[in-house]
Amino acid sequence: MNPDFSASVQSRLADLIAFRHDLHAHPETSFEETRTSSKVLERLRDIPGLDIRDGLAGGTGICATLNAEKSGPCVLLRADMDALPIEELSDLPYKSEHPGKMHACGHDGHTTALLGAAYALSDHADALAGPVKFCFQPAEEQGCGGQRMIDDGILENPHVDAAFALHG
């Protein structure tokens, strides 16, 4: 039997869209992603079966592992959380509330997509062959958040066999 991941996402779609709009309205630049990290962490804590490490990469990075005890191959999924120091000129109802900062690169969408993947995969955790790590990385725009996450051990315990990431 193939799990219906799309049904898992569809059942949460309105909530995920609202989450993304909230992140978009409250952009935080590199290593300042405290609100973003807090919002992600709040959601992750509601997902059963996750082993969560927070406070990574200088404080705002998060890595949550599903099925940590499984011995199959481990896959890491990564999204970036930081915004850019750019003024948003749109008239969107959820436009940036922080002058000089905006999610111009889509990291609000990346973070939300990874959260949606965590929900969907946790709904079908029994069907997965091995662990899945959900890595919410700060400071991608400065180019050093990823290395700090690696330095904090996200590629181990369990060891990551493959990694996939989004970037706009």
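As a starting point, this report considers the structure included with it. A quick note: this is a predicted structure, and the numbers were derived from the prediction, not measured.

Rules used in this analysis
Residues numbered from 1 in each chain as written. Predicted model: local features only at pLDDT ≥ 70, side-chain atom pairs only at ≥ 80, totals over all residues. Heavy atoms only, no water. Helix = DSSP H or I, 4+ residues; strand = E, 2+ residues; numbered from the N terminus. Buried < 20%, exposed > 50% of the residue type's maximum accessible area, 1.4 Å probe, protein only. Contact = heavy atoms within 4.5 Å. Areas by Shrake-Rupley, 256 points an atom, 1.4 Å probe, with all protein chains shown as cover. Pairing = 2+ DSSP bridges. Axes fitted to C-alpha atoms, helices over the stretch in contact; angles between N-to-C directions. Right-handed = clockwise from strand over helix to strand, strands pointing away. Expected span 1.5 Å × (residues − 1). Parallel < 35°, antiparallel > 145°, perpendicular 65-115°, else oblique. Left-handed = near helix turned anticlockwise from the far one by under 90°. Nonpolar A, V, L, I, M, F, W, Y, C, P; charged D, E, K, R; others polar.

1. A word on the overall build of the protein
Piece 1. When you go through the protein residue by residue, the secondary structure sums to 5 helices and 5 strands.
Piece 2. For the protein, the succession of helices and strands along the chain, N to C, is α-α-α-β-β-β-α-β-α-β.
Piece 3. The principal-axis extents of the C-alpha atoms in the protein amount to approximately 50 × 35 × 25 Å.
Piece 4. Taking all 168 residues of the protein together, 46% fall into the buried category.
Piece 5. Here the contacts in the protein between residues at least 6 apart in sequence split such that 72% fall between residues at least 24 apart.
Piece 6. For the protein, the exposed surface amounts to about 8,100 Å²; the carbon and sulfur share of it is 53%.

2. Quick look at the sheet that holds strand β2 (residues 61-66)
Piece 1. The 5 strands lie next to each other as β1-β2-β4-β3-β5, forming an open sheet whose pairing is mixed. The outermost strands of the open sheet, each flanked by one partner alone, are β1 (50-56) and β5 (162-165). Here the average twist between neighbouring strands, direction ignored, is 15°.
Piece 2. Looking at chain direction, β2 and strand β4 (residues 132-137) are connected through 5 bridges and run antiparallel. Bridged to I62 within β4 is F136.
Piece 3. Against the sheet, helix α3 (residues 34-44) contacts β1, β2 and β4, and its axis sits at roughly 15° relative to β2.
Piece 4. Where helix α4 (residues 107-123) meets the sheet, its contacts fall on β2, β3 (75-80) and β4, and the angle it forms with β3 comes to roughly 150°.

3. Re the pairing of β4
Piece 1. For β4, the tally of buried residues reaches 6 of 6 residues, placing the bulk of the element in the interior.
Piece 2. Burial along β4 is two-sided: the residues V132, F134 and F136 and K133, C135 and Q137 are all buried.
Piece 3. Summarising the sheet, β3 and β4 pair through 6 bridges and their orientation is parallel. For A79, the partnering residue across the bridge sits in β4 and is F136.
Piece 4. After leaving β3, the chain enters α4 and then returns to the sheet as β4, a path that is right-handed.

4. Things to note about the environment of A129
Piece 1. You can see A129 is positioned in the loop between α4 and β4.
Piece 2. Judged by relative accessible area, A129 falls into the exposed class, the value being 62%.
Piece 3. Along the chain, A129 and E88 lie 41 residues apart, while their C-alpha atoms are 43 Å from each other.
Piece 4. Each residue touching A129, except ones within four places of it in the same chain, is listed here: K70 and G72.

5. Observations concerning α4
Counting along an α-helix, one turn takes 3.6 residues, and residues three or four places apart therefore face a common direction.
Piece 1. Here α4 spans 24 Å end to end across 17 residues, near enough to the 24 Å set by a 1.5 Å rise per residue.
Piece 2. Extensive coverage of α4 is indicated by the burial of 13 of its 17 residues.

6. Comments concerning unusual backbone geometry
Piece 1. Cis geometry marks the peptide bond from N157 to P158, where omega comes out at 0°.
Piece 2. You can see P158 is positioned in the loop between α5 (145-151) and β5.
Piece 3. One non-glycine residue, N67, lies in positive phi territory at about 65°.
Piece 4. Summarising the element assignment, N67 is placed in the loop between β2 and β3.
Piece 5. Overall, the relative accessible area of 7% leaves N67 in the buried class.
Piece 6. At N157, a residue that is not glycine, the phi angle is positive and equals roughly 55°.

7. Re the packing of helix α2 (residues 13-25) against α3
Each pair of packed helices can be summarised by the angle the axes make with each other and by the distance between the axes.
Piece 1. For the pair α2 and α3, the least separation of the axes is 11 Å and the interaxial angle reads 165°. One way to sum up the angle between α2 and α3 is to call them roughly antiparallel. Considering the relative orientation of α2 and α3, their crossing is right-handed. Residues D15, F19, D22 and L23 of α2 form the contact with α3, whose own contacting residues are R35, T36, K39, V40 and R43.
Piece 2. Along the lines of polarity and charge, the residues of the contact of α2 with α3 split into 3 nonpolar, 1 polar and 5 charged.

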